[in-house]
Structures are given as C-alpha cells and as structure tokens.
Amino acid sequence: MHGRRSIAGGRLHGPHRAAEDEMITLKSYLRGEWVAGTGRATTLVNPTTEEPIAEASTQGLDLGAALEFARTKGGPALRAATFAQRGAWLDAISKALHARRDALLDESIASCGTTRSDAKFDVDGAIGTLAYYAGLGKKLGETTTILEPAEQLTKSARFFGAHVWTPREGVAVHVNAFNFPAWGLGEKLAVALLAGVPVISKPATSTALLAMRVAEAIVDANVLPPGAFQFVAGSTGDLLDKLGPQDVLAFTGSADTGAKLRGGKGPVERSVRVNVEADSLNSAVLGPDIEPGSDVYATFLRDVVREMTQKTGQKCTATRRIFVPAAVIDRVQEDLAEQLGAIKIGDPARDEVRMGPLATKQQHEDFRSGVAKLVASGARVVHTREVSEPKGYFVAPTLLRADAPASATAVHAHEVFGPCATLMPYAEIAECVKLVAMGEGGLVASVYGDDRALLRELVLGIAPWHGRVVIASSKVADQSIAPGMVLPSCVHGGPGRAGGGEELGGERGLRFYMQRTSIQADRALIDKMFEQAKPE
Ligand code: NAP
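Small disclaimer: the values here were computed from a predicted structure and weren't measured. (Residues numbered from 1 in each chain as written. Predicted model: local features only at pLDDT ≥ 70, side-chain atom pairs only at ≥ 80, totals over all residues. Heavy atoms only, no water.)

Caption draft 1: Examining the overall build of the protein chain more closely. When you go through the protein chain residue by residue, the secondary structure sums to 15 helices and 24 strands. Its C-alpha atoms give the protein chain principal-axis dimensions of about 70 × 65 × 40 Å. Expressed as a percentage of contacts within the protein chain between residues at least 6 apart in sequence, the contacts between residues at least 24 apart total 75%. Of the roughly 21,700 Å² of accessible surface on the protein chain, 51% is carried by carbon and sulfur atoms. Positive and negative side-chain charges in the protein chain, numbering 59 and 62 respectively, have mean positions lying 4 Å apart. (Helix = DSSP H or I, 4+ residues; strand = E, 2+ residues; numbered from the N terminus. Contact = heavy atoms within 4.5 Å. Areas by Shrake-Rupley, 256 points an atom, 1.4 Å probe, with all protein chains shown as cover. Lys, Arg positive; Asp, Glu negative; His and termini not counted. Charge placed at Lys NZ, Arg CZ, Asp CG, Glu CD.)

Structure below.
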C-alpha cells in the first residue's frame, strides 16, 4: 500500500525508490506557489518495476490566472532586463541544476527507466543548453533588442529601412514530450527567457516527476522575477484556448498531437505562433566508397547501434532507417546484429546495463504493434531476442530489413518509438536520395563517406528534407558528433513530418519569441533609437 505525500520537494535516496515509499502528488508551480489539482489524477508508473510512484492532476487549478500572472508580472520584468541580465539568470539556473545533478540523475533512473548514461544525456543536456544561452546573453550585452543591418530605401542617403526584433508581450507555453523531461524543459526555457518572454512549462505527464524536480531547482534558485517561470504538472486544461495574439506555443511530441494543437482556437483564430517538433524517420546512409573494416565504417556501426539503443531508442533524433550499398548489406546486417546482441538489457540502476525499459505501458504496446506494422509493409525482423526481465516495459533492440525499400511504405512513414531500425539497400545515390525523401521530412540524417562528389550529390539531395545533416568522413571519423546529439548552437527541427519547426541554433532560436518590425526612417534616428540600449 502506498501512503500519500503531497509535496513538491520530496527527495530520493538512491536510484531505487523503496517499496514502502509514499505515493507522490505532483504539484504545479503557479503564481508563485506550489499547488496540487483535485479530482481524478493520472498515475505515473516506474517503467522498470511497473509500480505506481506518483499522481498528477491540474483539475481545479486556475491556468487562466497563471497566464495573466505571466503577462502582467513576468513579461514586463523580463523585458525591462537586458540580454546580459537575462543571461546571468540563466547562468544561475544552470548552476542550480548542476548543484542537484546527482539527485536529478537518481530521479531519472528511478522514475523514467533510464540508465545513468541516458539520464546524463537528458540532465546534462539541460544544464549545458542553459549555460550556452547564458553565454549568448552575455555576448548580446546590455541591450534589449536585436537590430538587423539597415538598407537605403530611396535615392536619398538618409531614408533607411531597418528590421528590429523586440520580445513579444505574451507568454511562451511549452508542451514537452515524455522522453526528455529535463532537456525539453531546459532548452525551451533558456531560449524564451533570453528572448524576454515568460514561460509556462508543461511536461508530458508520464515523466513529469523528473521535470518537477528540475522545476523545483529553478524555483529554489530564486533568481527569476515573479511570473517568469511557471510549471504545470498534468493536463493543460483550458490553458491553450486562452492563448492570445502575443503568445507562443512551442510543442514537442507526436505529429498527431502537434496537428491537433496547431488546429486549436488560438493558432487558427488569434494567430498564436506555434512551433512543432514532431516525428522523424531519421536516416543513416553508408556511402558506396566506404569499405567494411575502415574507420568510417566503424563509426557508422557505432553510431547506428548507439542511436538505436540510447534512451531505449526513445529519441526524436534516433536512427530509424539505415541505407547501405546493396553489395555490403549482408555484412552490415551481421555486424550490427553482433553489436546489438551485446547490449545488456535490464534494470537501469545496474552498472552493467546499457538499455533500460520503454517509458510507459503504452509505449510498450505501441512498440510491438509498430514493428508488426513494418513487417506487414514488407520488412522482416533480422535481429531481436527474448527479454527475460519478469516485470517492466522491456523490449530488445530490433533490426529489420526491407529488400524492396520503395514499396515498404510504412518503414518511411511510421515511427516506432523504441530500439528499432530498418536496414535497406540502395544501388545508386539518386535512388538513395529518393528513399531518404520518402520519410517526408526529418530532424537529422547522418552520412558516412569520403568521396566529395558523391557526398555533394547525396547531401544536396537530402538537405531540403532535413534540419540537420551530419557527415562522418575519415578525417573526423573519431571525433564526429553523435547524430542524435542536439547542440544549442545548431538548429533543431525539420520540415514536413518532423513538424516544420526550428528550435535552438544560437541566436536564431530567439526569433520565435520576438517580433520583427521594419522601421523606415531617417538613418541617424534609427541608429540613435537603438543605440540607447547598447552598452556605454
Ligand atoms: P504526445 O503524446 O504527442 O505528447 C506530447 C505532449 O503533448 C505531452 O506533454 C502531452 O501531455 C501533450 N498533449 C497530448 N495531447 C494534448 C492535448 N490534446 N492538448 C494539450 N497537450 C496535449 O507525445 P509523446 O508520446 O510525449 O512523445 C513522443 C513523440 O514525441 C515521438 O513521436 C517523438 O518523435 C516526438 N519527439 C519529438 C522531438 C523533437 O524535438 N522533434 C523530441 C522528442 C520527442 P500528457 O502527457 O499530459 O498527455
């Protein structure tokens, strides 16, 4: 039996929650207070043990008042601060998270089913992104606007047009996916706050316990002005219907939910700006010039295995489709199967375990039905195994192969959100480009090759379909960045199925939260007006 503990600050002592631990009631942080909803709650479950661990509800909470609080308190305070000041706040938040890093990692292992290494990927990602945007704030300095270079508009050398970016006067509502409770909250928060816009952050409920621990660290740091940060644990209720013309909605999750939110009243009737980060059938392409046994080939195998199994394949950037020259497909299959077979699956709290369970029962069911869907579409399973754990939402790394890739349509359209990818042959680059494009828009593609002409044809062919392309060639085979790693300095997002959004990318990310206005006036006046905000 579980007792009930209504706190926002319960502490864990190690990766395993004792069976007698009390059920935690998640709280939201609204208008400067931690508050719990009433009525029917959603239960959060430890995916390793299937034990219920917490409950969340937002019923009865006044989310409209939270919006108003952000608009009237948080927004004005943030807009009055310069980029440098906001950057200093982000720096303090990053340090506050770092100070609780061990507890956050333990919480991730205990409540999200992640290994320590997977937990670090999430938590350190949040800390690092906040630190990066803190640095950007310092660089942008003691100013509150971003001015683009001016252009002369008439024959006179006086009348100019300049574009100036100012913070929107609304609220940034962040709706995040279950797979990155820490990074998802931190990366969106960093960009919005630096832009000068207050945040209401809503994590996916299933992993909201870790997100709440992150929120606690932010609140306890006590650096942000009131109303700059609020946190919703549970459903959004009527919050999204109340968004207005200066508000923005940044969503990460499934394409289906993304479509629903984009079609909501706010975006349709009041032009609420929306950014969607959704599904993606990310590709890895082995170039025809790469010999099995070479360094680049080893990098390719290492990347594919990592991208399939890190966070149990629950990464939006995980590799789902693997394209290799037809001549080497049997060898690649054999090598991947060998490496995947060596991945230790089990309780993520154990040091030797490399892959924990999927995050929820629903994900577990979706994984199985998703693999069946790919098989029905013409792929066959060429590597998997039984998992012996008695409890928990465990699955094995599953490699499929589709020898007629163009007709295996589900492989290019259905994202199986777990440790699963499909190996496919191609004969020439033009065919490979077409197959990659069948994914209809992705977050990232990784390409392994050295031949510049082939790489150019391939990369130019697939670039319009992606937000990011990683090229691993001999010169960087030992240092290229893991394709699944999202860096704050590079854009994250992708066209089409990936949602059509764009996050991060250094200063580029701020634009979503700001309004660009063309100012047409006497050049000296423009310079003077915006000079005022610059440092002495
Ligand atoms: P999801 O079911 O679409 O949920 C995402 C978020 O939307 C959750 O916070 C969820 O809240 C909320 N939500 C669902 N229905 C809603 C509604 N009607 N109104 C308001 N909010 C609503 O997705 P997920 O299962 O958490 O995440 C997995 C998906 O996310 C995968 O497809 C993955 O590719 C994608 N993803 C993309 C990226 C990226 O950056 N592109 C990153 C990570 C994940 P509740 O949990 O309370 O229902």
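Caption draft 2: Region of the structure containing unusual backbone geometry. For Arg31, which is not a glycine, the phi torsion comes out positive at approximately 50 degrees. In this fold, Arg31 is placed in the loop between β3 (28-30) and β4 (33-35). Overall, the relative accessible area of 45% leaves Arg31 in the partly exposed class. For Leu504, which is not glycine, the phi torsion reads 60 degrees and is therefore positive. (Buried < 20%, exposed > 50% of the residue type's maximum accessible area, 1.4 Å probe, protein only.)

Caption draft 3: Just the pairing of strand β13 (residues 248-252), in detail. Of all 5 residues that make up β13, 5 are buried, and the element is covered over most of its length. What you see with β13 is no split at all: Val248, Ala250 and Thr252 on one side and Leu249 and Phe251 on the other are buried throughout. Bridge count between strand β10 (residues 172-175) and β13: 4 bridges; the pairing is parallel. Each bridged residue has a counterpart across the sheet, and for His174 the counterpart in β13 is Ala250. (Pairing = 2+ DSSP bridges.)

Caption draft 4: Just the packing of aromatic side chains, in detail. Applying the stated criterion across every chain, the model contains 9 aromatic pairs. Measuring from centroid to centroid gives 5.7 Å for Phe178 and Phe417, while their planes differ by 80 degrees, and the two rings are edge-to-face. Of this pair, Phe178 sits in the loop between β10 and α5 (181-195) while Phe417 sits in the loop between α12 (409-413) and β19 (420-426), and the two are 239 residues apart along the sequence. There is no split in this pair, since Phe178 and Phe417 are both buried. (Phe/Tyr/Trp six-rings, centres within 6.5 Å; stacked < 30°, edge-to-face > 60°.)

Caption draft 5: Structural detail: the nonpolar core. Among the nonpolar cores identified, the biggest contains 66 residues, and Leu26, Phe229 and Tyr513 are the most heavily contacted of them. If you list the elements that add at least two residues to this core, you get β6 (52-56), α2 (83-99), α3 (101-112), α4 (116-140), α5, α6 (208-221), β12 (229-231) and β13. Sequence-distant contacts of Tyr513, defined by excluding residues within four places in its chain, comprise Pro167, Arg168, Ala172, His174, Lys188, Val191, Ala192, Ala195, Val197, Val248, Ala250 and Arg273. (Core = buried A, V, L, I, M, F, W, Y, C linked by side-chain atoms within 4.5 Å.)

Caption draft 6: Examining the pattern of salt bridges more closely. All chains considered together, the criterion is met by 26 salt bridges. A salt bridge links Asp330 to Arg401; its shortest N-O distance comes to 2.8 Å. Pair noted here: Asp330 is in helix α10 (residues 329-341) and Arg401 is in strand β18 (residues 398-401), with a separation of 71 residues, a long-range link. Owing to a relative accessible area of 9%, Arg401 belongs among the buried residues under this scheme. One salt bridge in this structure joins Arg401 and Asp403, with 2.9 Å as the shortest N-O distance. (Salt bridge = Lys/Arg side-chain N within 4 Å of Asp/Glu carboxyl O.)

Caption draft 7: Focus on the environment of Gly237. Mapped onto the secondary structure, Gly237 falls in the loop between β12 and β13. With 228 residues separating them in the primary sequence, Gly237 and Trp465 have C-alpha atoms 35 Å apart.

Caption draft 8: Here's a closer look at the site of the ligand. Taken together, 26 residues lie near the ligand, and Asn176, Thr205, Ser254, Thr257 and His492 sit nearest. Lys202 has a polar side-chain atom sitting 2.9 Å from an oxygen atom of the ligand. Glu415 has a polar side-chain atom sitting 2.7 Å from an oxygen atom of the ligand. Against a free-state accessible area of 920 Å², the protein chains account for coverage of 80% of the ligand. Those elements that provide at least two residues to the shell around the ligand are β13 and α7 (255-262). Residues belonging to the shell around the ligand are distributed by class as follows: 12 nonpolar, 10 polar and 4 charged. For the shell around the ligand, the domains that each give at least three residues are domain 1 (63-278 + 502-533) and domain 2 (282-488). (Near = heavy atom within 4 Å. Polar contact = N/O pair within 3.5 Å; in protein donor to acceptor, adjacent residues only side chain to side chain. Nonpolar A, V, L, I, M, F, W, Y, C, P; charged D, E, K, R; others polar. Domains from an automatic or database assignment.)

Caption draft 9: Summary view of the confidence of the model for the protein chain. Looking at the protein chain as a whole, its pLDDT mean stands at 93, while 95% of the residues score no less than 70. A low-confidence stretch, residues 1-16 (pLDDT under 50), is modelled with 48 contacts involving residues beyond four sequence positions or located in other chains. (pLDDT = per-residue confidence, 0-100.)

Caption draft 10: How the structure looks around the UniProt feature "domain: Aldehyde dehydrogenase" (unreviewed entry) in the protein chain. On the UniProt side, "domain: Aldehyde dehydrogenase" (unreviewed entry) is annotated at positions that read residues 34-517 here. For residues 34-517, the helix share is 38%, the strand share is 19%, and the end-to-end C-alpha distance is 38 Å. (UniProt positions renumbered as here; feature names shortened; annotations may be inferred.)

Caption draft 11: Structural view of the sheet that holds strand β21 (residues 466-472). Read across the sheet, 7 strands follow the order β17-β18-β19-β16-β15-β20-β21 without closing on themselves; strand pairing throughout is mixed. The open sheet is flanked by β17 (380-383) and β21, the only strands paired with a single partner. With direction set aside, neighbouring strand axes in the sheet form an average angle of 25 degrees. Of the strand pairs in this sheet, strand β16 (residues 319-325) and β19 are connected by 5 bridges, and their pairing is parallel. Residue pairing across strands places Pro325 opposite Tyr426, the latter belonging to β19. (Axes fitted to C-alpha atoms, helices over the stretch in contact; angles between N-to-C directions.)

Caption draft 12: Broad picture of helix α14 (residues 452-462). What α14 keeps buried is the set Leu455, Leu458, Val459 and Ile462. Around the axis of α14, the buried residues are gathered within 95 degrees of arc, so they sit on the same side. Turned more than 90 degrees away from the buried face of α14, the exposed residues are Ala453 and Arg456. Of the residues that open α14, the one with a side-chain oxygen 3.0 Å from the backbone nitrogen of Ala453 is Asp451. (Arc of directions from axis to C-beta.)

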